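One-letter residues, chain by chain:
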Amino acid sequence: EKYFLLPVLFSAPSYACKRRTTLKNHNTLLTEALSILAESAELNEDEGRGVAFRRAAAVLKCLPKAVSSMEQLRGLPCLGDHSMRVIKDILENGASSEAESTKQSERFKALKVLTGIFGVGAKTADRWFREGIHSLSQLQESGHTLNQAQQAGLQFYDDINLPVSKTEADAISEIVEKAVHAVLPGAEITLTGGFRRGKLTGHDVDFLITHPEEGKEEGLMPKVVSWLESQGFLLYQKTTRNSYLESKDGPGRPASNMDRFERCLSIFKLTKDRCVGQKQGTKQSATAVRVDLVVSPVSQFAFALLGWTGSKLFERELRRWAGHEKAMSLSSHALYDNKQSRYLRASSEEEIFAHLGLEYIPPTERNA
Ligand code: 8DG
Ligand code: MN
Ligand code: MN
């Protein structure tokens, strides 16, 4: 009798919203390389290519073990020729030459620095790059007029590009809670985004605010912002009012990934007590932290919560599943069933997954 040692064969559903992706990643070498290529594609405004690399990375993130040979990947979805070449390169040579040369390219490095400025997207960064602006000092010398967001982004560049810790997120949570309760007692505040998925650091802190009585939440944001401003917590803020009712997104034309909630993109000033010495006591030092605040009517809360918890790929895949497999349109406001021509109500994330015919995936397993 002969025994053959078979490699572990991996399998995974092709929709990320059907997979459980925790923060435990056994294939960081592979996923980091694919993420660099995704990022590069996004900076070049090649969305299709970006999504393809993101999907490939996400499939590898959910595997229970490290990939050790190409054969193990047979039958896995979302791995196109290009991604397979990148993986092969890493398995054979320990690194992806394409990812390495991308990382070191002048263009990639410059676009990363420029889009690191809050308020600067891929388009603007590309225009500046083509004008020969490759660094922050070159930007400052260029005499370009920057909008308010970009000015703040430049002013607090270093702090904003430092990861936010969970401790800092908790400190911000306390401030936001105080502000919201000062202007609307009974309102409810939920931490969303990466921190709700269990991440220990983030690029910002995301909050969703609602009130159990429908309508009570109207006009809340300007009041919260005034309170925060009066207490000196805001370094920058831009509030956008709710535009859902006047929007043209009918059932057939749902909001894309942009929603229409009342929201505030801000930069908080966080002072931390830093122990300087036993005798001297404490000295205050401050840091700037990006904070997103969103207000939702309670009737849309479950959709808003699902939509703002992420990850971005998980959200995209949920909408793709809804549209392609269920003939439904999912947004952060609602779920519309095109066959029944009606909106499906939900007061929890669990109900939304059930409407979509999906097994419930908790936030900590949405790290696709
Ligand atoms: P990080 O900050 O820790 O880096 O990661 P994150 O928390 O997952 O990313 P994020 O950029 O803060 O986004 C959090 C979620 O919010 C993500 O699922 C995408 C979602 N989101 C935006 N902008 C918008 C928007 O305009 N509409 C909707 N519906 N969702 C949005 O970031
Ligand atoms: Mn976030
Ligand atoms: Mn955010």
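See the structure printed just above.
Structural notes, computed from the coordinates.

Conventions we followed
Residues numbered from 1 in each chain as written. Chains lettered and ligands numbered in written order. Predicted model: local features only at pLDDT ≥ 70, side-chain atom pairs only at ≥ 80, totals over all residues. Heavy atoms only, no water. Pairing = 2+ DSSP bridges. Helix = DSSP H or I, 4+ residues; strand = E, 2+ residues; numbered from the N terminus. Donors = N, O, S within 2.8 Å, 3.2 Å for Na, K, Ca; no water. Buried < 20%, exposed > 50% of the residue type's maximum accessible area, 1.4 Å probe, protein only. 1 Å grid on protein atoms, 1.4 Å probe; cavity = no way out; pocket = protein on both sides within 12 Å on 5 of 7 lines; lining within 4 Å. Points joined across faces, edges and corners; volume = space filled by probe spheres on them. Nonpolar A, V, L, I, M, F, W, Y, C, P; charged D, E, K, R; others polar. Core = buried A, V, L, I, M, F, W, Y, C linked by side-chain atoms within 4.5 Å. Contact = heavy atoms within 4.5 Å. Polar contact = N/O pair within 3.5 Å; in protein donor to acceptor, adjacent residues only side chain to side chain. Salt bridge = Lys/Arg side-chain N within 4 Å of Asp/Glu carboxyl O. Axes fitted to C-alpha atoms, helices over the stretch in contact; angles between N-to-C directions. Parallel < 35°, antiparallel > 145°, perpendicular 65-115°, else oblique.

### Regarding the sheet that holds strand β10 (residues 342–343)
No. 1: An order of β8-β9-β10 is seen for the three strands of this open sheet, with the pairing classed as antiparallel. Of all strands in the sheet, those with a lone pairing partner are β8 (328–330) and β10, marking the two edges.
No. 2: As defined by bridge partners, strand β9 (residues 335–337) adjoins β10 across two bridges and the pair is classed as antiparallel. Residue pairing for β10: Y336 is matched across the bridge by Y343.

### Brief notes about the coordination of the manganese ion (ligand 2)
No. 1: Each protein donor to the manganese ion (ligand 2) is listed here as D204 (OD) and D206 (OD); together their distances run 2.0 to 2.1 Å.
No. 2: A distance of 3.6 Å spans the gap from the manganese ion (ligand 2) to the manganese ion (ligand 3), which D204 bridges by coordinating each metal. Across the pair, exposure class does not vary: D204 and D206 are buried alike.

### Some details on the layout of surface pockets
No. 1: Estimates place the volume of the second largest pocket at around 320 Å³.
No. 2: What lines the second largest pocket is a set of 16 residues, and nearest its centre among them are E217, E218, N242, L245 and P297.
No. 3: The class makeup of the residues in the lining of the second largest pocket is four nonpolar, seven polar and five charged.

### Focus on the nonpolar core
No. 1: Core analysis: the biggest nonpolar cluster contains 29 residues, and V205, F207 and L228 have the highest contact counts within it.
No. 2: Secondary-structure elements contributing two or more residues to this core are α10 (166–183), β2 (188–191), β4 (205–210), α12 (220–230), β6 (262–277) and β7 (281–295).
No. 3: If you look at the next biggest cluster of nonpolar residues, it comprises 23 residues, including A302, L313, L318 and I352.

### Let's talk about the coordination of the manganese ion (ligand 3)
No. 1: For the manganese ion (ligand 3), the full set of protein donor atoms is D204 (OD), D206 (OD) and D292 (OD), and the range of their distances to it is 2.1 to 2.3 Å.
No. 2: In the primary sequence, the donor residues of the manganese ion (ligand 3) line up as D-x1-D-x85-D.

### Re the environment of Q231
No. 1: By secondary structure assignment, the location of Q231 is in the loop between α12 and β5 (234–240).
No. 2: Owing to a relative accessible area of 46%, Q231 belongs among the partly exposed residues under this scheme.
No. 3: Along the primary structure Q231 and I175 are separated by 56 residues, whereas in three dimensions their C-alpha atoms are 10 Å apart.

### Quick notes on the pairing of β2
No. 1: Of the two faces of β2, only the one carrying I189 and L191 is buried; E188 and T190 on the other face are not.
No. 2: Here four bridges tie β2 to β4, and the two strands are oriented antiparallel to one another. From the neighbouring strand, E188 faces β4, where its bridge partner is T210.

### Overview of the environment of Q72
No. 1: Within the secondary structure layout, Q72 lies in the loop between α2 (47–61) and α3 (81–93).
No. 2: Looking at Q72, the relative accessible area reads 3%, which means it is buried.
No. 3: Taking the C-alpha atoms as reference points, Q72 and S11, 61 residues apart in sequence, are found 9.0 Å from one another.
No. 4: Once residues lying within four places of it in the same chain are set aside, the contact partners of Q72 are P7, V8, L9, F10, A66 and V67.
No. 5: Among the polar contacts made by the side chain of Q72, one reaches the main-chain amide nitrogen of S69 at a distance of 3.0 Å.

### Considering the pattern of salt bridges
No. 1: Applying the stated criterion to the full structure yields 19 salt bridges.
No. 2: Between E92 and K88 there is a salt bridge; the shortest N-O distance is 3.4 Å. You can see E92 and its partner K88 sitting in helix α3, four residues apart, about one turn around the helix.
No. 3: Residue classification places E92 among the exposed positions, given a relative accessible area of 53%.
No. 4: Judged by relative accessible area, which is 41%, K88 ranks as partly exposed.
No. 5: A salt bridge links K109 to E106; the shortest N-O distance between them is 3.9 Å. Residue K109 and its partner E106 are both found in helix α5 (residues 106–115); the two are separated by three residues, about one turn of the helix.
No. 6: Owing to a relative accessible area of 41%, K109 belongs among the partly exposed residues under this scheme.
No. 7: Bridged by salt links that share partners, the residues R20, E359 and E365 form one connected network.

### Side note on the packing of helix α1 (residues 28–43) against α5
No. 1: The contact between α1 and α5 brings their axes to 11 Å, and the two run at 75°. Taken as axis vectors, α1 and α5 run roughly perpendicular relative to one another. In this structure, α1 contributes I36, E39, S40 and L43 to the contact, and α5 contributes R107, F108, L111, K112 and T115.
No. 2: Considered class by class, the residues forming the contact of α1 with α5 number four nonpolar, two polar and three charged.

Any functional reading would require information beyond the geometric quantities listed.
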